[in-house]
Amino acid sequence: MMNYTIEEKEAFMREALKEAEIALAHDEIPIGCVLVKEGKIIGRGHNAREELQRAVMHAEIMAIEEANRHENSWRLLDTTLFVTIEPCVMCSGAIGLARIPHVVYGAANQKFGAAGSLYDILTDERLNHRVEVEAGVLQEECAQIMQEFFRQRRKK
């Protein structure tokens, strides 16, 4: 897989968690993402559907768009996407279309996950691009921010 140490993976996931905190501050589902190339963050994103009133503004999409601009290319080869929660079907499709070779996520998404939970789009051999996936980096922290968000939402 990638050449990142567990400490580096955790540091990048903490950056993704910072993005999730931004989403939380805007009363969005708290998911955050960073895209990394050669040890440097080239794209950041957080859920912003409510803020921007755009259905596709998931953390991964925002990070991919920023990385595309940074690289001046739709192909994001030699990158790793770190996201706090397992990507959904839309985001998994975008990851494949952007040719991102590696995804690291924190917590599984049992209701919408498309990187192993409900679907396995990223490693589906019928598709022309497959992605190496690693799950569970800072899993507890990534799950906790989501659980707390939905706990508070249910109280309202």
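Residues numbered from 1 in each chain as written. Predicted model: local features only at pLDDT ≥ 70, side-chain atom pairs only at ≥ 80, totals over all residues. Heavy atoms only, no water.

Going by an unreviewed UniProt entry, the chain carries the name tRNA-specific adenosine deaminase and comes from Streptococcus sanguinis. The record held by UniProt for the chain lists under Catalytic activity (unreviewed entry) the comment "adenosine(34) in tRNA + H2O + H(+) = inosine(34) in tRNA + NH4(+)". In its Sequence similarities (unreviewed entry) section, the UniProt record describing the chain reads: "Belongs to the cytidine and deoxycytidylate deaminase family. ADAT2 subfamily." (UniProt positions renumbered as here; feature names shortened; annotations may be inferred.)

## A look at the UniProt feature "binding site: Zn(2+)" (unreviewed entry) in the chain
UniProt tags His58, Cys88 and Cys91 as "binding site: Zn(2+)" (unreviewed entry). For the residues just named, distributed over 34 residues, the greatest C-alpha separation is only 9.3 Å, placing them together at one site. Of the annotated residues named above, the ones that line the largest pocket are His58 and Cys88. Here histidine 58 lies in the loop between α2 (49-52) and α3 (59-71). When near neighbours in sequence (up to four residues on either side) are disregarded, histidine 58 contacts His46, Asn47, Arg49, Cys88, Met90 and Cys91. Looking at where cysteine 91 falls in the secondary structure, it is placed in helix α4 (residues 89-97). (1 Å grid on protein atoms, 1.4 Å probe; cavity = no way out; pocket = protein on both sides within 12 Å on 5 of 7 lines; lining within 4 Å. Helix = DSSP H or I, 4+ residues; strand = E, 2+ residues; numbered from the N terminus. Contact = heavy atoms within 4.5 Å.)

## Concerning unusual backbone geometry
Backbone geometry places asparagine 72, a non-glycine residue, at a positive phi of 55°. Its place among the elements puts asparagine 72 in the loop between α3 and β3 (79-85). Note on asparagine 72: relative accessible area 72%, which makes it exposed. Although it is not a glycine, leucine 138 sits at a positive phi angle of roughly 50°. Inspection of the secondary structure puts leucine 138 in the loop between β5 (132-135) and α5 (139-155). (Buried < 20%, exposed > 50% of the residue type's maximum accessible area, 1.4 Å probe, protein only.)

## Re the side chain of histidine 129
The topology assignment puts histidine 129 in the loop between β4 (102-107) and β5. Within the structure, histidine 129 has its side chain in polar contact with the backbone oxygen of isoleucine 100 (distance 3.0 Å). Dropping the residues within four chain positions of it, histidine 129 is found in contact with Gly96, Arg99, Ile100, Pro101 and Leu122. (Polar contact = N/O pair within 3.5 Å; in protein donor to acceptor, adjacent residues only side chain to side chain.)

## Considerations on the UniProt feature "domain: CMP/dCMP-type deaminase" (unreviewed entry) in the chain
In this numbering, the UniProt entry assigns the feature "domain: CMP/dCMP-type deaminase" (unreviewed entry) to residues 7-134. In the segment residues 7-134, helix accounts for 35% and strand for 23%; the C-alpha atoms at its two ends are 14 Å apart.

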